[in-house]
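# Structural overview for review
Residues per chain, in single letters:
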Amino acid sequence: MKTIYLNATVIDGTENMEEKIADIVVEDGKISFIGKAEKKELHGAKRIDCTGKFIMPGLINMHAHLFGTGKPSKILGGGGLQKLVIDFTHTKPGHKVLDALVTSAVKNELYSGVTTLRSVGDFEESDLRVRDKIRAGKLEGPRMFSSGAAITVPTGHGDGTFADVAEDPKDLAALVDKRKEAGADFIKICVTGGVMDAKEKGSPGELKMNLEQTKAVCDRAHEYGMIVASHTESPAGMEVAILGGVDTVEHSAAFSPELGKVLKDRNGALIITCSPALPLARISPEITKLNDICVYNSEVVMDGMIEGSRCAKKYGIQVGLGTDASCPFAAQYNMWRELFYYHKLAGVSTREAVYSATLSNARILGVDDITGSIEVGKFADMLILDNNPLNDLTALKDVNTVILEGKAVNGKPKKDPFIEEHLDEMSAAL
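In this report, we go over the structure that sits alongside the text. (Residues numbered from 1 in each chain as written. Predicted model: local features only at pLDDT ≥ 70, side-chain atom pairs only at ≥ 80, totals over all residues. Heavy atoms only, no water.)

Time to look at unusual backbone geometry. For Asn-7, which is not glycine, the phi torsion reads 60 degrees and is therefore positive. Its relative accessible area of 36% is what places Asn-7 among the partly exposed residues. Here Asp-28, not a glycine, exhibits a phi torsion of approximately 50 degrees, which is positive. Position of Asp-28 among the secondary structure elements: in the loop between β2 (20–27) and β3 (30–35). Asp-28 gets classed as exposed once you look at its relative accessible area, which sits at 71%. (Buried < 20%, exposed > 50% of the residue type's maximum accessible area, 1.4 Å probe, protein only. Helix = DSSP H or I, 4+ residues; strand = E, 2+ residues; numbered from the N terminus.)

Consider a sheet: its strands pair through backbone hydrogen bonds, and that pairing is either parallel or antiparallel. Strands sit in the order β6-β7-β8 across an open sheet of three strands; the sheet is parallel. Sheet topology places β6 (59–64) and β8 (143–146) at the edges, where each strand pairs with a single neighbour. Put simply, the sheet's adjacent strands are angled 15 degrees from each other on average, direction ignored. Looking at chain direction, strand β7 (residues 114–119) and β8 are connected through four bridges and run parallel. In the sheet register, Leu-117 faces β8, and the bridge partner there is Met-144. Running over the sheet, helix α3 (residues 92–111) touches β6, β7 and β8 and is turned about 140 degrees from β7. Lying over the sheet, helix α12 (residues 335–346) contacts β6 and β7, oriented at roughly 90 degrees with respect to β6. (Pairing = 2+ DSSP bridges. Axes fitted to C-alpha atoms, helices over the stretch in contact; angles between N-to-C directions. Contact = heavy atoms within 4.5 Å.)

With that out of the way, let us pick up a nonpolar patch on the surface. Among the surface-exposed residues, Phe-88, Val-97 and Leu-101 lie close enough to one another that they form a single nonpolar patch of about 230 Å² accessible area. Within the secondary structure, Leu-101 is located in helix α3. (Patch = residues over 30% accessible without salt bridge, like charges linked within 9 Å, V, L, I, M, F, W, Y side chains within 5 Å. Areas by Shrake-Rupley, 256 points an atom, 1.4 Å probe, with all protein chains shown as cover. Salt bridge = Lys/Arg side-chain N within 4 Å of Asp/Glu carboxyl O.)

Structurally, Val-295 can be placed in helix α11 (residues 292–315). Expressed as a C-alpha distance, the spacing of Val-295 and Val-195, which sit 100 residues apart in the sequence, is 8.4 Å. The contact partners of Val-295, leaving out residues within four places of it in the chain, are Leu-280, Ala-281, Pro-285 and Leu-290.

With respect to burial, strand β12 (residues 228–232) is a largely interior element, five of its five residues being buried. With burial as the criterion, each face of β12 is covered, one bearing Val-228, Ser-230 and Thr-232 and the other bearing Ala-229 and His-231. Following the backbone out of strand β11 (residues 187–190), through helix α6 (residues 211–223) and into the adjacent parallel β12, one traces a crossover that is right-handed. Handedness of the β12-helix α7 (residues 235–244)-strand β13 (residues 248–251) crossover: right-handed. (Right-handed = clockwise from strand over helix to strand, strands pointing away.)

Under the defined criterion, the tally for this structure stands at five aromatic pairs. A centroid spacing of 5.4 Å and a plane angle of 80 degrees characterise the contact between Phe-255 and Tyr-315, whose relative ring orientation is edge-to-face. With Phe-255 in the loop between β13 and α8 (257–265) and Tyr-315 in helix α11, this pair connects stretches of sequence that are 60 residues apart. In terms of burial, Phe-255 and Tyr-315 fall into one category: buried. Their ring planes at 65 degrees and their centres at 6.3 Å tell us that Phe-340 and Tyr-341 sit as a pair that is edge-to-face. Taken together, Trp-336, Phe-340 and Tyr-341 form an aromatic cluster joined through their ring pairs. For the cation-ring pair, Lys-30 lies above Phe-379, with the distance from its terminal atom to the ring centre recorded as 5.1 Å. A cation over a ring is seen here: Arg-135 above Phe-145, with NZ or CZ 5.8 Å from the ring centre. (Phe/Tyr/Trp six-rings, centres within 6.5 Å; stacked < 30°, edge-to-face > 60°. Lys NZ or Arg CZ within 6 Å of the ring centre and 35° of its normal.)

For the rest of this paragraph, the subject is the side chain of Glu-250. When you line up the elements, Glu-250 lands in strand β13. A relative accessible area of 0% places Glu-250 in the buried class. Look past the residues within four positions of Glu-250 in its chain and what remains in contact with it is Met-62, His-63, Arg-118, Ala-229, Ser-230, His-231, Thr-232 and Ile-271.

Once that is clear, we can look at the side chain of Thr-273. Here Thr-273 is to be found in the loop between β14 (269–272) and α9 (274–282). A distance of 2.7 Å separates a polar atom in the side chain of Thr-273 from a polar atom in the side chain of His-251. Residues contacting Thr-273, with those up to four places away along its chain left out, are His-63, His-251, Met-305, Gly-322, Thr-323, Asp-324 and Glu-338. (Polar contact = N/O pair within 3.5 Å; in protein donor to acceptor, adjacent residues only side chain to side chain.)

Structure representation (structure tokens):
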């Protein structure tokens, strides 16, 4: 089957992307031609008129958890009810519920424009099971890379929820073996605590894993050829994560030029996730269901991430974007908002925001040879839009058509009116 998209305004996703009118020919799921189609390109092709439409690469979400919808809940804060829910996930009926939640999440990601997705910590291998169904062609979903459970230490981020726990460096290395045997694509660790772990204002990124523990995990993962992603939300955590061997620092904070050189030499990267931090800092705690400590610390984390992204740019380190979906107000269909927040908070151009969520993310993930930009030879992972995202990123809010490996996706995301109302109100003030 050959399909030609005629007269589209193409935004290719590369660093210096410009709008250009072109025809795109797709054959066997890949882009075979970009330019002004002649008779040979048109012959035998299904023709789709894209006059007045914009085509750009599919979005890549580099940081999502798939067990939740983004709707705020008291359960996320811990306590007896959370324990009951966690205990249920360990049962066979619990696995069925988890798989249904993850399946719904990946569909919402795809239908909203995410054609490649990295899941960074879910319960009971649910993300691995759903990923395998997608790879086997049994389920429609984005191209997916999964860590399964995260790895942390006692009292670390994820302890008691989505992470396996050990303290001795040898035992931590053994958890990497366990992840490898389970079929994980990469390793996720939690060097620091998070917003909801903190017990006092000003310490959301309390150091949990020391350098020896971090190095033990990274060394074993690298022996397998697996990269390591780390939840890291403080300058102290940045030092341990970078010196310990972490490849992608998730969330981030400010860091020194010396650490920047270490990370750059490793070809490491930062993944910025404004999508939960901003709403949790700016929306009323009566709505988010968070206490004053969490609200205050969300602002601290948000400021740290923006400063971390600026350090990365200064030191020549790649920056990517993810949503941290499943956190309160980080819905599975709102990757477009992450670009919007990054543009507004860090002051980057709309072009840089689009690049960060497409080709930059593909390069960090190591799949830029097959996706991330509109180029001949790559998979036709594309979005057809009614308006130009380089003029206004809200053009991504409602995608006209999602195309994954040359096939148009049939489905629309299920959006939560409660979440959307409060995010729209908050965004209007940025």
